[in-house]
Amino acid sequence: MQTTHLGKNSPIPQSPEEASLDYVPNPRQGKNYLIRFAIPEFTSLCPVTGQPDFAHLVIDYVPDKLIVESKSLKLFLGSFRNHRAFHEDCTVGIGEKLFTEMKAQWLRIGGYWYPRGGIPIDVFWQSGAAPQNVWLPEQGVPPYRGR
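Residues numbered from 1 in each chain as written. Predicted model: local features only at pLDDT ≥ 70, side-chain atom pairs only at ≥ 80, totals over all residues. Heavy atoms only, no water.

Engineer: Just to check I follow, could you spell out the packing of aromatic side chains for this structure?
Structural biologist: For any pair of aromatic rings, the description consists of the separation of the ring centres together with the inter-plane angle of the planes. As enumerated under the stated definition, the model contains six aromatic pairs in all. Judged by centre distance (5.4 Å) and plane angle (55°), the rings of F42 and F80 are tilted. Taken together, the positions of F42 in strand β2 (residues 35-45) and F80 in the loop between α1 (70-78) and α2 (87-102) put the pair 38 residues apart, joining distant regions of the chain. F80 sits in the buried class, given a relative accessible area of 5%. Centroid distance Y112 to F124: 5.3 Å. Interplanar angle 75°. Geometry classified as edge-to-face. (Phe/Tyr/Trp six-rings, centres within 6.5 Å; stacked < 30°, edge-to-face > 60°. Helix = DSSP H or I, 4+ residues; strand = E, 2+ residues; numbered from the N terminus. Buried < 20%, exposed > 50% of the residue type's maximum accessible area, 1.4 Å probe, protein only.)

Written out as structure tokens, the structure is:
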């Protein structure tokens, strides 16, 4: 198993395009199970104003032969901090990159974006129907409730 980031000093990439994700062998290959990453403090920049946007991301996936290594995922997600993109582009782009590179059996991502201009925007993407006999818990992020 060779990784780019694990056990090494790795700075946050300057952009998502520059970031590389590491994948390692699935230790339970042949078993259908769900892996969840909850990212409650995701940030990116508005492509128009440059103002920061904040989201709570939840990534669920059923692996096949590979799983994503978590340090490389943290660095990849951190690379969005100075990246200008709409909520939809960030959310769907993250899901597609992970699904395509990892060749997961199934993946879904929920992007629960905090309000900007008084409107919360939630973005959801999944690769297709989930495999049978996999427990799919709710993502656990309550809808936004204004005060």
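Engineer: What's the story with the nonpolar core in this structure? I'm lost.
Structural biologist: For soluble globular proteins, nonpolar side chains are generally found buried alongside one another. One finds F42, Y61, V68, I94 and L98 to be the most contacted residues of the largest nonpolar core, which totals 28 residues. When residues of this core are traced back to their parent elements, those giving at least two are β1 (23-25), β2, β3 (52-62), β4 (66-68), α1, α2 and β5 (106-116). (Core = buried A, V, L, I, M, F, W, Y, C linked by side-chain atoms within 4.5 Å.)

Engineer: So what exactly am I meant to see when it comes to a negative patch on the surface here?
Structural biologist: On the surface, a cluster of negative charge is made up of E17, E18, E88 and D89. Following the sequence through the fold, E18 ends up in the segment before β1. (Patch = residues over 30% accessible without salt bridge, like charges linked within 9 Å, V, L, I, M, F, W, Y side chains within 5 Å. Areas by Shrake-Rupley, 256 points an atom, 1.4 Å probe, with all protein chains shown as cover. Salt bridge = Lys/Arg side-chain N within 4 Å of Asp/Glu carboxyl O. Lys, Arg positive; Asp, Glu negative; His and termini not counted. Charge placed at Lys NZ, Arg CZ, Asp CG, Glu CD.)

Engineer: Could you clarify how one ought to interpret the pattern of salt bridges in this entry?
Structural biologist: In a structure, side chains of opposite charge can pair up when their charged atoms sit close to one another. Following the criterion strictly, the structure yields four salt bridges and no others. The partner of D60 in a salt bridge is R36, with the nearest N and O atoms 2.6 Å apart. Placement of the pair is D60 in strand β3 and R36 in strand β2, with a sequence separation of 24 residues. By relative accessible area, which is 0% here, D60 ends up buried. Relative accessible area serves as the criterion here: at 32%, R36 is assigned to the partly exposed category. The shortest N-O distance in the salt bridge between D60 and R108 comes to 2.7 Å. Residue D60 is found in strand β3, and its partner R108 is found in strand β5; the two are separated by 48 residues along the sequence.

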